[in-house]
Amino acid sequence: MIRVRHVGAALILSVLTLAGCSQGTTNAAPASAAPPQSPQAAPTAAVPAKFASGDVRIALVRQLSSGDYFEQWLAGAQAEAKALNVTLEVSSGDGNNDKQALNLEQAVNQKADAIIVDHGFAQTVQPAVKKAADAGIPLVAFDVAPGTPKAVVLSQDDHQIAEQALGALKADTGGAGEVVYVYVAGFAPLDRRNETWTQFKKDNPGVKQVAQIGVVNSSTASAVADQAKAALQANPDVKAIFAPYDEFAKGATLAVKELGLQDKIKVYGADISTADIGVITEPDSPWVATSATDPSNVGRVAVRAAALLVGGEQVGPALKVPPALITQKRLRDGAITNIEQLTQAIPALSTPDVARVPWAAS
Ligand code: SR1
C-alpha cells in the first residue's frame, strides 16, 4: 500500500475558518446531466475541522494500475487529495481480484474515513463493500457495481463513449463492412460499451463483426496486437477495428501497421493520454478517432466525491463524466501533442462542477 500524506494544502485551507462541518447538498451533477463549465470558483463554505487538521484518510482500492489510463487517473486523484489536505491510501490488486478484495477488507478494518473502489468484479468486491456500508464508511464506486445503494456510483458515460467512436466508424465506412471487435466481458465500462456495440450492429446490418478478440493483463496492448494480427490475416476484407479501451486501440494500431494495412483498415478507440496522442498523430497511423474523458479529471472527481461524503454532504447517487470525441484530424490540425494542450482545446474535458467541494477553490 502506498500512503501519501499531503500537508501543504493545509496552508491554503487554513485561510478559512475552522468552524466545523458544513452540512447539506452540493452542486454535484446528477447522472446524465451535462455539467456546465465554470471559471475558477472561490470556496463558499468553511473547511471542516477534520480536513483542516489533515486527519482525513481516504482509501483508494484499485483492481488495475498499469497502463496510461490508470496512471493518469491516479495522478489526478493524488493531486485532488493534496489540494483537499487528505491522506490517500492507495492499493492495487494488479489485476488479481482476490488481492483487491483483501485490500478492500483491510481498508474497512483500518476504518478509512471513506473508500473509493476503482474497477473490480462485482462478485469479488461486493462482500467487502457491504461490510464497509454496514460499518457506515462512505463509499464511491468507480467503474464497478457496488451492490448497495449506499455507495455513490461514478462512471464515465460509457454508452456515449461507444456511440461517439462508432459514429466516427459509421461516417468513415458508410455503415457497411467487416469489423474486428476488441472486448473482454466482466469489466463494467467495457460491458456498457458492449451494450452500445450490440445495438449498433442491430441498427446497422451492413456492419459485420467477423472476429472478437481481447485480453486484459499487464501487457494488454502487445497481447491484443498479436490477436489482432491473427484476426486480420484470417479476415482480409476487414475495414475497421472497434477497440474501446486505449490499450486495445494501441494493440490494434500496432497490428495494422505491422501488417502494412493502414491504408485499408482504421481503428476506433476509447481513452486518451499523451502517449496515445503520439500514437494517433504519428505518420500513417490507422487510429483515427477515440472517445475519451480526461482520466486525471475523473480521478479528481472520485476524490472530491469521497471528500464530500466525509464532510457530510449529499452526493449522487450517481455521477457521470461525459466524454468528447477526439479525432486524428483535430489533433493534427491543432498541433496537439499532449493532454495539457488537449484539455485547453476542449475545456469540457474538465468538469469542476461535478462533485464540487464547497470549502475548496476549484
Ligand atoms: C479494463 S477496463 C478499461 C477502461 O476502464 C476505464 O473506464 C477506461 O476508460 C478504460 O477504457
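Data block above holds the structure.
What you see is a predicted model, and the numbers here were worked out from it, not measured in a lab.

How each quantity is defined
- Residues numbered from 1 in each chain as written.
- Predicted model: local features only at pLDDT ≥ 70, side-chain atom pairs only at ≥ 80, totals over all residues.
- Heavy atoms only, no water.
- Near = heavy atom within 4 Å.
- Polar contact = N/O pair within 3.5 Å; in protein donor to acceptor, adjacent residues only side chain to side chain.
- Areas by Shrake-Rupley, 256 points an atom, 1.4 Å probe, with all protein chains shown as cover.
- 1 Å grid on protein atoms, 1.4 Å probe; cavity = no way out; pocket = protein on both sides within 12 Å on 5 of 7 lines; lining within 4 Å.
- Sits in = over half its atoms within 2 Å of the grid points.
- Helix = DSSP H or I, 4+ residues; strand = E, 2+ residues; numbered from the N terminus.
- Nonpolar A, V, L, I, M, F, W, Y, C, P; charged D, E, K, R; others polar.
- Points joined across faces, edges and corners; volume = space filled by probe spheres on them.
- Buried < 20%, exposed > 50% of the residue type's maximum accessible area, 1.4 Å probe, protein only.
- Contact = heavy atoms within 4.5 Å.

Participant: Would you mind going over the site of the ligand with me for this structure?
Facilitator: Taken together, Leu64, Tyr69, His119, Asp143, Gln156, Phe187, Pro189, Leu190, Arg193, Tyr245 and Asp271 form the complete shell of residues around the ligand. Side-chain polar atom of Gln156 to an oxygen atom of the ligand: 2.9 Å apart, as the coordinates give it. Burial of the ligand by the surrounding chains reaches 100%, relative to a free accessible area of 320 Å². Taken atom by atom, the bulk of the ligand overlaps the largest cavity. With three residues, helix H7 (residues 188–203) is the largest single contributor of residues to the shell around the ligand. Its residues assigned to classes, the shell around the ligand shows six nonpolar, two polar and three charged.

Participant: What should I look at first to understand the layout of surface pockets in this one?
Facilitator: By rolling a water-sized probe across the atoms, one finds the places where empty space is left. Considered as a void within the structure, the second largest pocket measures approximately 230 Å³ in volume. Forming the walls of the second largest pocket are 17 residues, and the residues nearest its centre are Leu64, Ser66, Val216, Asn217 and Ser218. Along the lines of polarity and charge, the residues of the lining of the second largest pocket split into five nonpolar, ten polar and two charged.

Participant: In this structure, what is going on with the side chain of Arg304? I would like to understand it.
Facilitator: When you line up the elements, Arg304 lands in helix H11 (residues 295–310). We classify Arg304 as buried; its relative accessible area is 6%. Separated by 3.1 Å, the side chains of Arg304 and Glu80 make a polar contact. Look past the residues within four positions of Arg304 in its chain and what remains in contact with it is Glu80, Leu84, Thr351, Pro352, Val354, Ala355, Arg356 and Val357.

Participant: What is the right way to read the side chain of Thr290 from this model?
Facilitator: Among the secondary structure elements, Thr290 is positioned in strand S12 (residues 287–292). Engagement of the side chain of Thr290 in a polar contact is seen with the backbone nitrogen of Ala270, the distance being 3.2 Å. Each residue touching Thr290, except ones within four places of it in the same chain, is listed here: Gly269, Ala270, Asp271, Ile272, Ile280, Ala324, Leu325 and Ile326.

None of this, on its own, says anything about what the molecule does.
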